[in-house]
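Below, each chain spelled out in residue letters.
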Amino acid sequence: NAGVMQNPRHLVRRRGQEARLRCSPMKGHSHVYWYRQLPEEGLKFMVYLQKENIIDESGMPKERFSAEFPKEGPSILRIQQVVRGDSAAYFCASSPRQNVAYNSPLHFGNGTRLTVT
Amino acid sequence: LAKTTQPISMDSYEGQEVNITCSHNNIATNDYITWYQQFPSQGPRFIIQGYKTKVTNEVASLFIPADRKSSTLSLPRVSLSDTAVYYCLLDYKLSFGAGTTVTVRA
């Protein structure tokens, strides 16, 4: 049973370009969570999605960032017009049920490391 | 949302037991306590989860007092490969914080 798959593992973008990060949850998981980790810091929650729905985007920057989890295919975190401050590791996690209500642990991928030059 | 506090770092030697305490004074009634381990360049890995009293699995034990205002992760007989950052988490929405960097020496 494959774990959470994220690609690409490394992504380099110039300032002003768009970055697309993909996440395929574990088989049978319909809840996806995105986190960002800056160097020497812990993970910060960005957004929580269920198939075709954004459940909680309270940690998402108001501009340039968006996320989706379509009925078919992976979840996508999209960053438009990237700036140097967007350089970080972006982690995706999945769970079979709602984490809070059913105390379902999160299963993480190994992240995408975005570098903005 | 409840916030957690952990020591920044802990040092140990191979074969010793390591205990990491996480404080969460404002834990909510429906919050479970979950611990994760993270190695460099990898995502966090689930270790153990509990609600109250004691939970044990093949890699760790978790002790939670009756008031649930803290929890202690216990790693028995650590090895060099246990060197990592350890996080306690109550709610997916909370930042993981800086975690506890455990360094195991030979």
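Preceding this paragraph is the structure being described.
In this text, all values refer to a predicted model and were calculated from it rather than measured experimentally.

Caption draft 1: Looking closely at the nonpolar core. Within the largest apolar cluster, 37 residues are counted, with the highest numbers of intra-cluster contacts made by A:Tyr35, A:Leu106, A:Phe108, B:Trp35, B:Leu73, B:Tyr86 and B:Phe96. Beyond its immediate sequence surroundings of up to four residues, A:Phe108 is in contact with A:Val4, A:Tyr35, A:Leu43, A:Phe91, A:Cys92, A:Ala93, B:Tyr36, B:Gly43, B:Pro44 and B:Phe96. Counting residues in each nonpolar core, the second largest holds 23 residues, with A:Val32, A:Leu77, A:Ala88 and A:Val116 among its members.

Caption draft 2: A look at the state of the cysteines. Inspection of every chain in the model, using the stated rule, returns two disulfides over all chains. Between A:Cys23 and A:Cys92 runs a disulfide, and the two sulfur atoms are separated by 1.8 Å. A torsion of -50° about the S-S bond marks the disulfide between A:Cys23 and A:Cys92 as left-handed. Of the two residues, A:Cys23 sits in strand E3 (residues 19–24) while A:Cys92 sits in strand E9 (residues 88–95), which places them 69 residues apart along the sequence. When sorted by exposure, A:Cys23 lands in the same class as A:Cys92, which is buried. For B:Cys22, the disulfide goes to B:Cys88, at an S-S distance of 1.8 Å. Of this pair, B:Cys22 sits in strand E2 (residues 18–23) while B:Cys88 sits in strand E8 (residues 84–89), placing them 66 residues apart in sequence. B:Cys88 shares its class with B:Cys22; the two are buried.

Caption draft 3: View of the environment of A:Leu43. Positionally, A:Leu43 belongs in strand E5 (residues 43–50). By relative accessible area, A:Leu43 is classed as buried at 0%. Sequence separation of A:Leu43 and A:Phe91 is 48 residues, and the distance between their C-alpha atoms is 8.2 Å. Apart from residues lying up to four places away in sequence, A:Leu43 is in contact with A:Tyr35, A:Arg36, A:Gln37, A:Phe91, A:Phe108, B:Gln38, B:Pro44, B:Tyr87, B:Ser95, B:Phe96 and B:Gly97.

Caption draft 4: Structural detail: the sheet that holds E3(A). Residues and elements named next belong to chain A. The strand order E1-E3-E8-E7 describes an open sheet built from four strands, whose pairing is antiparallel. Both outer strands of the open sheet, strand E1 (5–7) and strand E7 (65–68), are each paired with one neighbouring strand and no more. Taken over all neighbouring pairs, the strand axes of this sheet differ in orientation by 15° on average, direction set aside. In this sheet, E3 lies alongside E1 in antiparallel orientation, the contact comprising three bridges. Considered in E3, the bridge of Asn 7 is made with Arg 22.

Caption draft 5: Inspection of the sheet that holds strand E5 (residues 53–56) of chain B at higher detail. All names here are of chain B. The strand order across the open sheet built from four strands is E2-E7-E6-E5, with neighbouring strands paired in antiparallel fashion. Looking along the sheet, the strands with just one partner apiece sit at the ends: E2 and E5. Pairs of neighbouring strands in the sheet enclose a mean axial angle of 15°, with direction left out of account.

Caption draft 6: Here's a closer look at the pairing of strand E4 (residues 31–37) of chain A. Residue and element names in this part refer to chain A. Counting buried positions along E4 gives six out of seven residues, so the element sits mostly inside the fold. Strand direction decides the pairing type here: E4 and E5, joined by seven bridges, are antiparallel. Residue pairing across strands places Tyr 35 opposite Phe 45, the latter belonging to E5. Where E4 lies against E9, seven bridges are found, and the strand directions are antiparallel. Note that in E9 the partner of Tyr 33 across the bridge is Ala 93.

Conventions used here
- Residues numbered from 1 in each chain as written.
- Chains lettered and ligands numbered in written order.
- Predicted model: local features only at pLDDT ≥ 70, side-chain atom pairs only at ≥ 80, totals over all residues.
- Heavy atoms only, no water.
- Core = buried A, V, L, I, M, F, W, Y, C linked by side-chain atoms within 4.5 Å.
- Buried < 20%, exposed > 50% of the residue type's maximum accessible area, 1.4 Å probe, protein only.
- Contact = heavy atoms within 4.5 Å.
- Disulfide = S-S within 2.5 Å.
- Helix = DSSP H or I, 4+ residues; strand = E, 2+ residues; numbered from the N terminus.
- Pairing = 2+ DSSP bridges.
- Axes fitted to C-alpha atoms, helices over the stretch in contact; angles between N-to-C directions.

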